[in-house]
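# Close look at the chain arrangement
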Amino acid sequence: MLETEFLASGDIVTFPNSNERRLRVALRNLDAALAEQREAIALFRAELAALGTAVNGLGDSAQALKERLHEAAEDTALARDAALRLQQTAEAMTRAG
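First things first, this report covers the structure right here in the doc. (Residues numbered from 1 in each chain as written. Predicted model: local features only at pLDDT ≥ 70, side-chain atom pairs only at ≥ 80, totals over all residues. Heavy atoms only, no water.)

### Focus: the overall build of the protein
Scanning the protein from N- to C-terminus turns up one helix and zero strands. A buried classification covers 0% of the 97 residues belonging to the protein. For the protein, the exposed surface amounts to about 9100 Å²; the carbon and sulfur share of it is 60%. (Helix = DSSP H or I, 4+ residues; strand = E, 2+ residues; numbered from the N terminus. Buried < 20%, exposed > 50% of the residue type's maximum accessible area, 1.4 Å probe, protein only. Areas by Shrake-Rupley, 256 points an atom, 1.4 Å probe, with all protein chains shown as cover.)

Structure, rendered in structure tokens:
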């Protein structure tokens, strides 16, 4: 383009990319990527903490279930013993006539 020519309103003039400018752009991009990575790591840590809380809650629930099952087994054993005693009593009464 000659010096006497005028640029149209939509023309874009590009400046040559110097090594220094490319380095500055690369460093800005690196800073942005590092910021995104920090944010992603913070979110990941928060999710890990939430997972830890959920696992602890699950462990507590499993322990409570284990205790309830143990109590139910004890109650069942007591009920079985009582049923056997009643059966023996009924058989003795039947024999006695």
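### Some points on the pattern of salt bridges
A side chain with one charge can pair with a side chain of the opposite charge if their charged atoms come near. The tally for this structure, following the rule as stated, stands at one salt bridge. Put simply, arginine 24 and glutamate 20 hold a salt bridge, and the shortest N to O gap is 2.7 Å. Placement of the pair is arginine 24 and glutamate 20 together in helix H1 (residues 19–96), with a separation of four residues, close to one helical turn. For glutamate 20, a relative accessible area of 54% translates into the label exposed. (Salt bridge = Lys/Arg side-chain N within 4 Å of Asp/Glu carboxyl O.)

### Points about H1
Its 78 residues give H1 an end-to-end C-alpha distance of 113 Å, which sits within 8% of 116 Å, the value for a rise of 1.5 Å per residue. Positive phi appears at glycine 97, one or two residues downstream of H1, with a value of about 65°. (Expected span 1.5 Å × (residues − 1).)

### Observations regarding a nonpolar patch on the surface
A contiguous nonpolar surface patch, about 350 Å² in accessible area, is contributed by Leu23, Leu27, Leu30 and Leu34. With respect to the helices and strands, the residue leucine 30 is situated in helix H1. (Patch = residues over 30% accessible without salt bridge, like charges linked within 9 Å, V, L, I, M, F, W, Y side chains within 5 Å.)

### Some thoughts on a negative patch on the surface
There is a patch of like negative charges on the surface, built from Glu67, Glu71, Glu74 and Asp75. Along the polypeptide, glutamate 71 turns up in helix H1. (Lys, Arg positive; Asp, Glu negative; His and termini not counted. Charge placed at Lys NZ, Arg CZ, Asp CG, Glu CD.)

The analysis is restricted to geometry; functional conclusions fall outside its scope.
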